[in-house]
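# Structural overview
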Number of protein chains: 2
Amino acid sequence: MKTILILGAGKSSTYLIDYLADSCIEKGRKLLLADLDLALANAKLKDKPNTQAVVLDTEAKESRKALIAQADLVISMLPAFLHPVIAKDCLELGKHFFTASYESDALREMASEIESKGLFFLNECGLDPGIDHMSAMKIIHEAKSKGEKILSFKSYCGGLLSPESEDNPWKYKFTWNPRNVVLAGQATSRFIEKGELKYVPYHQLFKRIETIKFPGLGDFDGYPNRDSLSYRKVYGLEEIPTMLRGTLRRAGFCKAWNVLVQLGLTDDSFQMQLPQGATYRQFLNAFLPWSETLSVEEKLSEIIPELDFPTFEKLQWLGFFENRKLPKTEGSPAQILQAMLEKDWELQPEDKDMIVMQHQFEIKTEKGIKKLTSSLVDLGKDCVYTAMAKTVGLPLAIAVDLFLEGKIHGKGLQLPVSSEIYTPILKELEKHGIRFIEEEWM
Amino acid sequence: MKTILILGAGKSSTYLIDYLADSCIEKGRKLLLADLDLALANAKLKDKPNTQAVVLDTEAKESRKALIAQADLVISMLPAFLHPVIAKDCLELGKHFFTASYESDALREMASEIESKGLFFLNECGLDPGIDHMSAMKIIHEAKSKGEKILSFKSYCGGLLSPESEDNPWKYKFTWNPRNVVLAGQATSRFIEKGELKYVPYHQLFKRIETIKFPGLGDFDGYPNRDSLSYRKVYGLEEIPTMLRGTLRRAGFCKAWNVLVQLGLTDDSFQMQLPQGATYRQFLNAFLPWSETLSVEEKLSEIIPELDFPTFEKLQWLGFFENRKLPKTEGSPAQILQAMLEKDWELQPEDKDMIVMQHQFEIKTEKGIKKLTSSLVDLGKDCVYTAMAKTVGLPLAIAVDLFLEGKIHGKGLQLPVSSEIYTPILKELEKHGIRFIEEEWM
């Protein structure tokens, strides 16, 4: 009997847990679900047979290793900084290791040892990274097999709200880690366009947007996300003239978010010294020049000349012009902003989220340059069974299932970019409604 | 016979060395000058009696400590990151320690031990920090002694060119560490204005300027420098409503420098991947959007709507629009920019530099609110006897002399903010032409 160990029973693990727990009996497996919060782990397992909740204290090395020693395969849904710690344990104890997170340098340093011990470590097998790689590689491999050449590949993804839940001017609520949303983009983004390397610093990022359209859903802002250049090698597209990976927000979001970036409200590098009882208005004013005569609103318009009404409305809706007390006055600007937003952008029980992803290809074929767009839209059911949890958890769950069934013969440190891995995963995802719609034109 | 050890014989040590070397015989002292470059140290000492050049390898702990053991007092003119290392040695060996650099947290951690060993460690005794503290404290103490209240204190300083050497559109050349100039301001600046704490992020810094006037010299841009808030305590002005420390550039410099900041050319956080043989124009273009039809110049005007002719001219003068090869193509944008600027902004042998400093006070007196401006202008003689070397080195040299003469009874970790220290130093500086001009009006 094979034992699967899932570390972390949080929001994004819901579908992962269900998928693997439901097949335990049929496939003769045992599932251990470990979390700091034992009650949460128990609730998620719903007394399904062959499953067991256990307490996880990541700091307690001995008990952590004793837990990992019981498993054949470990799935880490913990915060990303813990992955190398768990990976190291798995390497020592000879266990396979799966995550939906970015492959880190720390993992890459273990690559040869993973390989030599005959283990399989699969990262980036969630949504983004994950489904994006798999669905893109399918198109790239198909084109290459026909002798076609990829001229341009732009890929965008966003975790947003289902249109029916877009009930604020930002059309945004937190469906994902709020801190990551507040700090998003705080490193110079890099991509290549028509053979020219392009670098976009944080304070330009939310101005350098493209409009991305989804049939029936309207317009989105797409901004360049991190280092797109490094993916040229992963995708076997070393010579591609144009490649960009981007993040999606609803149209208009970036222009308003950029105001916060420009003023310095997303700065996480120092501790503010706000007076106790400071208000939203004072928080904003701390980033505006002093003036004898101008109001906060007037100073803002001076500093941000492109401030239009839809942008002003978004800031107003967050309460920035009010003398309301801040929920938090100590910390970095980003921490204080996050505390504000966690109130305003909290997902309500009736809210539904939405995942949107779009690949845009330009492919040189025998007949001319073909444009191909492949789009995915997935809507959440409620605030627990979210599209985010589904699209992050299912690919990982399916990968684990296929590996234990012997249908993936993985070895070493891998990403889901080979046909052997992505073909059966994409097929199974389709059965769960995660399906790309392709459009092609010349 | 007391022995003084100066570590570092570089550019900014010239006046310091001369001042202390010239009085060795008269005052019965010995001067050791240590540098990695023995020939340089010998050249600076000019065979003056009672002086000796020695080789310094800061990495070689034993020889470094043997050298320090020979001295009674150590002056570190080394790069700032080395000060704590030398300070630690001095603490162990029971030697007094002087620098013109900012007092660091590492030094503060040694404070009680310095005190208990009866040693004197004086930092921030150069120009800025240094002369700024001393000249300001004189005014602050005078006002306080009359029962007056300081309402506002803004202090600006700049290391620039003497007007006759302002022969490029930037009116700037490197008279100081080029890397520090390129990275200047890359942390959120903080100050207080009319009781409101103000935070200015890097990408706003060069827009938030004030015009500072020096009689007979014309206009300068002043931008807020680092953390002005922490100096409230140092100056005994905890309750002051307005306090700002700023850096001066020639009028128009900041607007043009801001273009480089906005585009990301001063970014030091990642390595660029420029093609070999890349040109100035390609370097600039890497930070501009791709366009089928627009030129680099046109794209720049789109991204920077406020680009005016004087700003364009400055960028053009640096060669940004030319197909000239870059002197360096590997490194961060800031490193590549620095390599460019080191060619264009190199101080020529005939060039003279200039130090400008201005304190602006608003003081509540019995008769009403008094405005007081205290300004210092010092011009260099040539590219060796610079105003920078003079204003950095002389205060430090004088402090050391006074201490060895027993005229300063310092003990512990100090800044030159007490009357016992600054009064005799300012008096001696006047003899060397470093003199503030005060203007007062109601």
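Residues numbered from 1 in each chain as written. Chains lettered and ligands numbered in written order. Predicted model: local features only at pLDDT ≥ 70, side-chain atom pairs only at ≥ 80, totals over all residues. Heavy atoms only, no water.

### Some words on the overall build of chain A
To keep things clear, this is the line we draw: Put simply, DSSP H or I for four residues or longer makes a helix, DSSP E for two residues or longer makes a strand, and each gets a number counted from the N terminus. As a reference, a globule follows 2.2 Å times the number of residues to the power 0.38, and the radius of gyration itself is taken over C-alpha atoms. Throughout, exposure labels follow a simple rule: accessible area from a 1.4 Å probe, protein chains only, divided by the maximum for the residue type, with under 20% read as buried, over 50% as exposed, and the rest as partly exposed. Any two residues whose heavy atoms approach within 4.5 Å are treated as being in contact. All accessible-area figures derive from a Shrake-Rupley calculation using a 1.4 Å probe, and residue coverage is judged against the displayed protein chains alone. Charge convention: Lys and Arg are scored as positive, Asp and Glu as negative, and His as well as the terminal groups of each chain are ignored. By convention, the point assigned to a charge is CZ for Arg, NZ for Lys, CD for Glu and CG for Asp.
A count of helical and extended segments in chain A gives 17 helices and 16 strands. In terms of overall dimensions, chain A is globule-like: its C-alpha atoms have a radius of gyration of 23 Å, near the 22 Å expected for 442 residues. Among the 442 residues that make up chain A, the fraction classed as buried is 60%. Sequence-distant contacts, at least 24 apart, represent 70% of the contacts inside chain A between residues at least 6 apart. Here chain A displays about 18,000 Å² of accessible surface, and carbon together with sulfur accounts for 50% of that area. Charge-centre separation for chain A: the mean point of 55 positive side chains lies 3 Å from the mean point of 62 negative side chains.

### With respect to the pairing of strand E2 (residues 29-35) of chain B
Residue and element names in this part refer to chain B. Stated precisely, the cut-off is as follows: Two strands are said to pair when DSSP picks up at least two bridges between them. Assignment of crossover handedness uses the view with strands pointing away from the viewer, where a clockwise path from the first strand over the helix to the second indicates a right-handed crossover.
Most of E2 sits inside the fold, with six of its seven residues counted as buried. As paired strands, strand E1 (residues 2-7) and E2 are joined by six bridges and run parallel to one another. If you follow Leu7 over to E2, its bridge partner there is Ala34. Note: E2 against strand E3 (residues 51-55), five bridges, orientation parallel. Residue pairing in the sheet places Leu31 in a bridge with Thr51 of E3. Following the chain from E2 across helix H3 (residues 38-45) to the adjacent parallel E3, one finds a crossover that is right-handed.

### Quick word on the packing of helix H11 (residues 253-263) of chain A against helix H14 (residues 309-317) of chain A
Residue and element names in this part refer to chain A. Definition in use: Here an angle of 0 to 180 degrees is reported between the N-to-C directions of two axes, which are lines fitted to C-alpha atoms, with helices fitted over the stretch in contact. Between 65 and 115 degrees an angle is taken as roughly perpendicular, under 35 as roughly parallel, over 145 as roughly antiparallel, and anywhere else as oblique. Handedness of each helix crossing follows the sense of rotation of the near helix against the far helix: counterclockwise by less than a right angle gives left-handed, clockwise gives right-handed. Asp, Glu, Lys and Arg are counted as charged, while Ala, Val, Leu, Ile, Met, Phe, Trp, Tyr, Cys and Pro are counted as nonpolar; the rest, among them Gly, fall into the polar class.
Running from N to C, H11 and H14 cross one another at 60°; their axes reach a closest spacing of 9 Å. Judged by the angle between their axes, H11 and H14 are oblique. The chirality of how H11 crosses H14 is right-handed. Residue-level contacts link Phe253, Lys255, Ala256, Val259 and Leu260 of H11 to Thr311, Lys314 and Leu315 of H14. Residue composition of the contact of H11 with H14, grouped by class: five nonpolar, one polar and two charged.

### Some words on the sheet that holds strand E2 (residues 29-35) of chain A
Residue and element names in this part refer to chain A. If you trace the seven strands from one edge of the open sheet to the other, you get E3-E2-E1-E4-E5-E6-E15, paired in parallel fashion. At either end of the open sheet lies a strand with only one pairing partner, and these are strand E3 (51-55) and strand E15 (412-414). Geometrically, the sheet is characterised by an average inter-axis angle of 20° between neighbouring strands, direction not taken into account. Of the strand pairs in this sheet, strand E5 (residues 96-99) and strand E6 (residues 120-122) are connected by two bridges, and their pairing is parallel. Looking at the pairing, Phe97 lines up with Phe121 of E6. Running over the sheet, helix H1 (residues 14-22) touches strand E1 (2-7), E2, E3 and strand E4 (73-76) and is turned about 155° from E2.

### Things to note about the relation of the copies chain A and chain B
Superposition of the two copies of the chain requires a rotation about an axis and a shift along the axis. To keep it simple, the criterion reads: Alignment of the copies relies on least squares applied to C-alpha atoms, considering only residues that score at least 70 for pLDDT in both.
Overlay of chain A on chain B (RMSD 0.1 Å): rotation 180°, translation along the axis 0.1 Å. Classification of the inter-copy transformation places it as that of a two-fold axis. The position closest to the rotation axis in chain A is occupied by the C-alpha of His203(A), lying 3.5 Å away. Residue by residue, 100% of the interface of chain A is reproduced at the interface of chain B, so both copies engage with the same surface.

### Observations regarding the interface of chain A and chain B
Let me state the cut-off plainly: Note on definitions: buried area is the accessible-area loss of two parts on being combined, 1.4 Å probe, summed for both. Definition used for salt bridges: Asp or Glu carboxyl oxygen within 4 Å of a side-chain nitrogen of Lys or Arg. Here a polar contact is taken to be a pair of N or O atoms separated by no more than 3.5 Å, where protein atoms must pair a possible hydrogen donor with a possible acceptor and residues adjacent in sequence count only if both atoms sit in side chains.
With 31 residues of chain A at the contact, the number on the chain B side is 31 residues. Summed over both partners, the interface of chain A with chain B buries about 2,900 Å², with 50% contributed by carbon and sulfur atoms. Interface area lost by chain A to chain B is led by Tyr199(A), Gln273(A) and Trp290(A), which between them contribute 24%. Summed over the shared surface of chain A and chain B, the number is zero salt bridges. Applying the counting rule to chain A against chain B returns 22 residue pairs in polar contact (both at pLDDT 80 or more). Contributions of two or more residues to the side of chain A that touches chain B are made by strand E8 (189-193), strand E9 (196-200), helix H9 (202-205), H11 and helix H13 (296-303) of chain A. With four residues, E9(A) is the largest single contributor of residues to the side of chain A that touches chain B. A class-by-class count of the residues in the side of chain A that touches chain B yields 14 nonpolar, eight polar and nine charged.

### What about the pairing of strand E13 (residues 353-365) of chain A?
Residues and elements named next belong to chain A. Judged by how many residues are buried, E13 sits mostly within the fold: ten of 13 residues are covered. As defined by bridge partners, strand E7 (residues 149-161) adjoins E13 across twelve bridges and the pair is classed as antiparallel. Pairing of Ser152 across the sheet is with Glu362, part of E13. Hairpin connection, E13 to strand E14 (residues 368-379): the antiparallel pair is bridged by two residues.

### Description of the domain arrangement of chain A
Frequently, the measure chosen for interface size is the accessible area that the parts lose on association. Residue and element names in this part refer to chain A. Under the convention used in this document: Each domain's limits were defined by an automated method or a database of domain assignments.
Each assigned domain of chain A is listed with its residue range as follows: domain 1 (2-123), domain 2 (131-252 + 351-386) and domain 3 (257-344). Centre-to-centre separation of domain 1 and domain 2, based on C-alpha positions: 29 Å. Listed as interface residues are seven residues of domain 1 and, on the opposing side, ten residues of domain 2. Interface of domain 1 and domain 2: buried area, both sides summed, is about 680 Å²; carbon and sulfur atoms make up 47% of it. Put simply, domain 1 and domain 2 have zero salt bridges between them. Linking domain 1 to domain 2 there are two residue pairs in polar contact (both at pLDDT 80 or more). Split into classes, the residues belonging to the side of domain 1 that touches domain 2 amount to two nonpolar, two polar and three charged.

### A closer look at the packing of helix H4 (residues 61-69) of chain B against helix H5 (residues 83-93) of chain B
Helix-helix packing: each pair is described by the crossing angle between the helix axes and the interaxial distance. Residue and element names in this part refer to chain B. It is the contact of H4 with H5, at a shortest axis distance of 10 Å, that shows an interaxial angle of 55°. When the axis of H4 is compared with that of H5, the two are oblique. For the pair H4 and H5, the crossing hand works out as right-handed. Every residue of H5 that contacts H4 at Arg64, Lys65, Ile68 and Ala69 is listed here: Val85, Ile86, Asp89, Cys90, Glu92 and Leu93.

### Description of H13(A)
We apply this condition: It is the directions from the helix axis to the C-beta atoms whose arc is reported.
Along H13(A), the residues that are buried comprise Val296(A), Lys299(A), Leu300(A) and Ile303(A). The buried residues of H13(A) occupy one face: seen down the axis, they fall within an arc of 105°. Buried residues along H13(A) sit against H11, helix H12 (280-285) and H14 of chain A together with strand E9 (196-200) and helix H10 (202-205) of chain B.

### Section: the environment of Val417(A)
All names here are of chain A. Relative to the helices and strands, Val417 resides in the loop between E15 and helix H17 (419-431). The exposure class assigned to Val417 is buried, which follows from its relative accessible area of 18%. When the C-alpha atoms of Val417 and His141 are compared, they prove to be 9.8 Å apart, with 276 residues separating the residues in sequence. Aside from chain neighbours lying at most four places away, what touches Val417 is His133, Met137, His141, Val234, Tyr235 and Tyr422.

### Description of the pattern of salt bridges
Inspection of the entire model under this criterion finds 64 salt bridges over all chains. The residue Arg435(A) makes a salt bridge to Glu430(A) at a minimum N-O spacing of 3.8 Å. You can call Arg435(A) partly exposed: its relative accessible area is 43%. Judged by its relative accessible area of 39%, Glu430(A) falls in the partly exposed class. Between Glu164(B) and Lys352(B) there is a salt bridge whose closest N-O contact spans 3.5 Å. Taken together, the residues Glu164(B) in the loop between strand E7 (149-161) and helix H9 (178-183) and Lys352(B) in the loop between helix H16 (333-344) and strand E13 (353-365) connect sequence positions 188 residues apart. Glu164(B) gets classed as exposed once you look at its relative accessible area, which sits at 55%. With a relative accessible area of 25%, Lys352(B) lands in the partly exposed category. Overlapping salt bridges bring together Asp18(A), Asp22(A), Lys46(A) and Lys48(A) as one network.

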